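# Fold and geometry: a report
The lines below spell out each chain.
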Amino acid sequence: MSRDASTKPMAETLRIPAPADFHVHLRQGTLCSLVAPHVRKGGFKLAYVMPNLKPPITTTKQALAYKAELEAIDPDVDYLMTLYLSKDLTPEEIKTASAAGIVGVKSYPRGVTTNSDSGIESYEAYYPIFEAMQEVNMVLNLHGEVPSNPITNTHILNAEATFLPHLVTLHKRFPRLRIVLEHATSRAAVECVKGLGATVACTITAHHLALTVDDWAGQGWNYCKPVAKTPDDREALREIIQEGHARFFLGSDSAPHPSASKSTSTPQHGCAAGIYTSPILLPLVAHILDSFGALDRLADFTSNFGRKFYQRELTAAHANAEVILTKVEQHIERNWTMGDENVVPFWAGQKLGWSI
């Protein structure tokens, strides 16, 4: 005799207070119009927005204009804006940015990732900028890699580990400056950040919790910068989440690219580096954490820890911002389209064990 539907057990649910994504790329033009609404679709109402547009966001005026564009597309997201560290940035502009509510400055080493051609080559020249940021309490966001160099045997697999002495030096030189090592991929990065002071934190992406080097070698859809590393490196990322270390939290590095640029590689040009997770982000993180026994850390990893570090802690105003996840399977969409733009998400067509 079949059981009546009313007697079936209720699906397991999780309540996550105001999830926050502290590293997301929202692009520009039609692509921006397509992907910006996916922040909320993926369960988030706070987005820490990267500035590597064409041209990059280097002034307060540009950042505020970009924020206005994003708010016109979806006004129900709290967009935290950033500037691109460049030779044109001045201490005076840092003070102006801070007064206008700009939260951070993103550093890209020259040429290591998407739209980083205007990136830096040496940090010492920017010490006056960092001093000004320290004084006004802005955050320095570091893409923690150095460019490949055959002379020094530097390549995409050790570029992050090779960068870490720069992080240590910056923290010693500016101990009050809040610094975030973005999208860590290695045990070396985890151990380095753990060994530094309370003003240094680290974001971890969903896809780096799932992938290893074998998953992107020959598979452009899993290729991003920094690249996924060894199984032991992935295990270090998982362990720090299981531990519940408060200076490690979610930054998705969700990076949409037109599907043609991800699926095509030529002898002259490789495929685009970036993985798109925004529209499935909270269920994806729940699915992955569930797979290695860390589901009890979901709220801290996706909300509490990042909000505390960025001084955007939960208040009574967030009472209605709770997101409810249900342990119900869903199939990930194969693509999203608007006009001539088409993007393909991580794990397209596969199943997730959780749904919003």
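Before reading further, recall that the structure is shown in the block above.
Scope of this entry: the structure provided in the associated data block. Owing to the predicted nature of the structure, the values given are computational and were not obtained by experimental measurement.

Another aspect to go through is helix α9 (residues 231–243). The end-to-end C-alpha distance of α9, which contains 13 residues, comes to 18 Å, matching closely the 18 Å that a straight helix rising 1.5 Å per residue would cover. Of all the residues in α9, the buried ones are Asp233, Ala236, Leu237, Arg238, Ile240 and Ile241. Buried residues along α9 sit against α7 (187–194), β9 (200–204), β10 (248–250), α11 (281–291) and α12 (298–309). Gly244 sits one or two residues past α9 and shows a positive phi near 75°.

A word on unusual backbone geometry. Following Lys54, the chain continues into Pro55 via a peptide bond in cis, with omega recorded as -5°. Residue Pro226 is reached from Lys225 by a cis peptide bond, and omega for that bond is -5°. Relative to the elements of secondary structure, Pro226 occurs in the loop between α8 (213–216) and α9. Positive phi, normally seen in glycine, also occurs at Asn137, with a value near 70°. Counting through the fold element by element, Asn137 comes out in the loop between α5 (127–136) and β7 (139–143). Of the residues examined, Asn137 reaches a relative accessible area of 33% and is grouped as partly exposed. Of note in this structure, His183 is not a glycine but carries a positive phi near 40°. You can see His183 is positioned in the loop between β8 (178–182) and α7. Classification of His183 as buried rests on a relative accessible area of 2%.

The subject of this paragraph is the sheet that holds strand β6 (residues 104–107). Spatially, 6 strands are ordered β5-β6-β7-β8-β9-β10 in an open sheet, and the strand pairing comes out parallel. Of all the strands in the sheet, just β5 (82–84) and β10 have a single pairing partner and so form its edges. The average undirected angle you get between the axes of adjacent strands in this sheet is 30°. Across 4 bridges, β6 lies against β7 in parallel orientation. Counterpart to Val105 in the pairing with β7 is Leu140. Running at roughly 170° to β8, helix α6 (residues 159–173) makes contact with β7, β8 and β9 of the sheet.

Conventions we followed
Residues numbered from 1 in each chain as written. Predicted model: local features only at pLDDT ≥ 70, side-chain atom pairs only at ≥ 80, totals over all residues. Heavy atoms only, no water. Helix = DSSP H or I, 4+ residues; strand = E, 2+ residues; numbered from the N terminus. Expected span 1.5 Å × (residues − 1). Buried < 20%, exposed > 50% of the residue type's maximum accessible area, 1.4 Å probe, protein only. Contact = heavy atoms within 4.5 Å. Pairing = 2+ DSSP bridges. Axes fitted to C-alpha atoms, helices over the stretch in contact; angles between N-to-C directions.

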